[in-house]
2 protein chains.
Amino acid sequence: MFVQSAATIRKNSRPPGVDSTVSDTLLIAGCPQLVGSRMTYAQDEEIYGDGEEAEFVYKVVAGAVRTYKLLSDGRRQIGAFHLPGDIFGFESNSTHRLSAEAISDTTVLVFSRRALECLATHSIEIARALWALAARSLDHAEDHMLLLGRKTAAERVAAFLLEMDERMQSTGAIRLPMTRRDIGDYLGLTLETVSRALSHLKAEGTLELPTARQITVQRRSKLRTLGSEDAFPRALSCC
Amino acid sequence: MFVQSAATIRKNSRPPGVDSTVSDTLLIAGCPQLVGSRMTYAQDEEIYGDGEEAEFVYKVVAGAVRTYKLLSDGRRQIGAFHLPGDIFGFESNSTHRLSAEAISDTTVLVFSRRALECLATHSIEIARALWALAARSLDHAEDHMLLLGRKTAAERVAAFLLEMDERMQSTGAIRLPMTRRDIGDYLGLTLETVSRALSHLKAEGTLELPTARQITVQRRSKLRTLGSEDAFPRALSCC
DNA sequence: CGTTAATTTGACGGGAATCAAGGGGAGTGG
DNA sequence: CCACTCCCCTTGATTCCCGTCAAATTAACG
């Protein structure tokens, strides 16, 4: 598995040496010692596989990534979409717990996990930033469990649109990189159900669909009442 | 909210002062500086609420705890059950993202989050242990998303039984602290569906139900084929 | 022993999955 | 520029798993 990771890393760099440049000194956690190697992946190309050695950490520069788990019969659960600026693939264990694929042609910065951990050993701020990173993933997972376990199809789709709108800072004009199947596998639905929910929202006038991948939100309030019920803090209602 | 947390801490200790003893020097992450205060909660008592200040971290000594999120109409998703030995309530943010309640009468050790973080600042090992803690929660959440999004009722119940059997090291003789409703809210099902699934497994001879809360596994292999499909590593099938 | 909550079981209905065509857009090649 | 193709998406028809509603049974507890 170690070998496979190493192969993956080299596969897509046109010259055999990775084009690591100081120019894209985009740093994880604002730490100047760590410069990532730029890598590109074609649409649907695997970035890493479930069970592989977690040798690298990734930061999306352009494109989009899905991380997912599979059952043996092909059922898939996408745990998260990773958009430009997002860091993914950072594990506490030595191996990846999900697989990662490029949704569209994607550019990432690749960092050595070992180097990161080493830095964290010397800097409390880095250690804390990494731990905050894991915690953010956990927060998202907890919200998503509520969605998967307890929300209706309409609520899931509305929540998805709100999430994407916010994360892409596309104020109302969402440009989706993923297919309906991807969305379904993220929301625990079939692609048909996702499509129907979108059509319904369109018919209601809540949104417009200039193209299938382009969604403009007309009435955000309507989406909010459906999807954005992010767990009502008990504290607010009782004190 | 700060006030509420402080009140909670004092509420259940029969003498006004908490009985913090050196005797139960059960330490988080094996660190002798930190001694927790022993606290008890009655069945169904709230330990903390969603949105409250995350002032304390908890370790279960006896009993069981559920952490969950609610929708405004009462739908509930239990994110995890916490059994003796488990640590919960540790957040990266300043506030709790879920609520916590005692499932049965429960004893916990309470630690100051601030003290823990302070320790982590001075000790890399502690910092790493805390981050491993968060990562374990994340792993569980990722597995659980697959269950909630993609598994059938029978598969969910089988997976639940296997999880409990393993975590309680009750080799085949599971003593459940939680109700069918709790199980349902954990698995994204109704209590009736959980009950039916259990009855079905009983009729098959896969398990016995001496009482509703006591389950003895007769054929673990049967449960495994149903539930324990914990995401097939792509790596195993392709290299 | 009575009261209440938890669980089981049955009957039924509905929401989403499945099965199945039918469009529509983007890219390709003529 | 247009025809062709492929894939994605939409929409319809039908199925079915699980949720809902309801009642009976069992367990828990004072």
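Residues numbered from 1 in each chain as written. Chains lettered and ligands numbered in written order. Predicted model: local features only at pLDDT ≥ 70, side-chain atom pairs only at ≥ 80, totals over all residues. Heavy atoms only, no water.

**Regarding the overall build of chain A**
Phase 1: Assigned secondary structure in chain A consists of 8 helices and 11 strands.
Phase 2: Within chain A, the fraction of its 239 residues that count as buried is 54%.
Phase 3: Considering only intrachain contacts with a sequence separation of at least 6, the fraction spanning at least 24 residues in chain A is 69%.
Phase 4: Here chain A has roughly 10500 Å² of accessible surface; of this, 53% comes from carbon and sulfur atoms. (Helix = DSSP H or I, 4+ residues; strand = E, 2+ residues; numbered from the N terminus. Buried < 20%, exposed > 50% of the residue type's maximum accessible area, 1.4 Å probe, protein only. Contact = heavy atoms within 4.5 Å. Areas by Shrake-Rupley, 256 points an atom, 1.4 Å probe, with all protein chains shown as cover.)

**Focus: the protein's contact with DNA strand C**
Phase 1: In the vicinity of DNA strand C there are 17 residues, among which A:T193, B:R180, B:S195, B:S199 and B:R213 approach most closely.
Phase 2: Each atom of DNA strand C within 4 Å of the protein was assigned to sugar, phosphate or base; sugar and phosphate come to 65%.
Phase 3: In the environment of DNA strand C, a base nitrogen lies 2.9 Å from a nitrogen or oxygen atom belonging to the side chain of B:R196.
Phase 4: Between DNA strand C and B:S199, the relevant distance is 2.5 Å, taken from a phosphate oxygen to a side-chain nitrogen or oxygen of the residue.
Phase 5: Looking at the surface near DNA strand C element by element, the count peaks at 5 residues for helix α6 (residues 191–204) of chain B.
Phase 6: The class makeup of the residues in the surface near DNA strand C is 4 nonpolar, 7 polar and 6 charged. (Near = heavy atom within 4 Å. Polar contact = N/O pair within 3.5 Å; in protein donor to acceptor, adjacent residues only side chain to side chain. Nonpolar A, V, L, I, M, F, W, Y, C, P; charged D, E, K, R; others polar.)

**Here we look at the relation of the copies chain A and chain B**
Phase 1: For the pair chain A and chain B, the relating rotation is 180°, the translation along its axis is 0.0 Å, and the fit reaches an RMSD of 0.0 Å. The superposition of one copy onto the other is thereby described by a two-fold rotation axis.
Phase 2: Looking at the interface residues of chain A, 100% of them are also at the interface in chain B, so both copies use one shared face. (Least-squares fit on C-alpha atoms with pLDDT ≥ 70 in both.)

**Overview of the interface of chain A and chain B**
One frequent convention defines the size of an interface as the accessible area lost when the parts assemble.
Phase 1: Listed per partner, the contact involves 60 residues of chain A and 60 residues of chain B.
Phase 2: Taken together, both faces of the contact between chain A and chain B bury some 5300 Å²; the carbon and sulfur share is 59%.
Phase 3: There are 12 salt bridges connecting chain A and chain B.
Phase 4: A:D139 serves as the salt-bridge partner of B:R97, at 3.1 Å between the closest nitrogen and oxygen. (Buried area = accessible area lost by both parts, 1.4 Å probe. Salt bridge = Lys/Arg side-chain N within 4 Å of Asp/Glu carboxyl O.)

**Notes on the protein's contact with DNA strand D**
Phase 1: Among the 17 residues in the neighbourhood of DNA strand D, the closest are listed as A:R180, A:S195, A:S199, A:R213 and B:T193.
Phase 2: Restricting the count to atoms of DNA strand D within 4 Å of the protein gives a sugar and phosphate share of 65%.
Phase 3: Here a base nitrogen of DNA strand D sits 2.9 Å away from a polar atom, N or O, in the side chain of A:R196.
Phase 4: A:S199 places a side-chain nitrogen or oxygen 2.5 Å from a phosphate oxygen of DNA strand D.
Phase 5: For the surface near DNA strand D, the element with the most residues is helix α6 (residues 191–204) of chain A, which contributes 5 residues.
Phase 6: The class makeup of the residues in the surface near DNA strand D is 4 nonpolar, 7 polar and 6 charged.

**Some remarks on the packing of aromatic side chains**
All names here are of chain A.
Phase 1: This structure, assessed with the given rule, holds 14 aromatic pairs over all chains.
Phase 2: One aromatic cluster is present, formed by Y48, Y58 and F88 through successive ring pairs.
Phase 3: Positioned above the aromatic ring of Y68, the side-chain terminus of R76 is 5.9 Å from the ring centre. (Phe/Tyr/Trp six-rings, centres within 6.5 Å; stacked < 30°, edge-to-face > 60°. Lys NZ or Arg CZ within 6 Å of the ring centre and 35° of its normal.)

**Section: the packing of helix α3 (residues 124–150) of chain A against helix α3 (residues 124–150) of chain B**
When two helices pack together, you describe them by how their axes are tilted relative to each other and by the distance separating the axes.
Phase 1: Two numbers describe how α3(A) lies on α3(B): the axes approach to 9 Å, and their chain directions differ by 20°. Taken together, the axes of α3(A) and α3(B) lie roughly parallel to each other. Note on packing geometry: the crossing formed by α3(A) with α3(B) is left-handed. In this structure, α3(A) uses A:I124, A:W131, A:A134, A:S137, A:L138, A:A141, A:H144, A:M145, A:L148 and A:G149 to contact α3(B), whose residues at the interface are B:I124, B:W131, B:A134, B:S137, B:L138, B:A141, B:H144, B:M145, B:L148 and B:G149.
Phase 2: Its residues assigned to classes, the contact of α3(A) with α3(B) shows 14 nonpolar, 6 polar and no charged. (Axes fitted to C-alpha atoms, helices over the stretch in contact; angles between N-to-C directions. Parallel < 35°, antiparallel > 145°, perpendicular 65-115°, else oblique. Left-handed = near helix turned anticlockwise from the far one by under 90°.)

**Some words on the confidence of the model for chain A**
Phase 1: Per-residue pLDDT for chain A has a mean of 86; in total, 82% of the residues score no lower than 70.
Phase 2: Low confidence marks residues 235–239 of chain A, where pLDDT is under 50. Its contacts with residues over four positions away, or in another chain, come to 6 contacts. (pLDDT = per-residue confidence, 0-100.)

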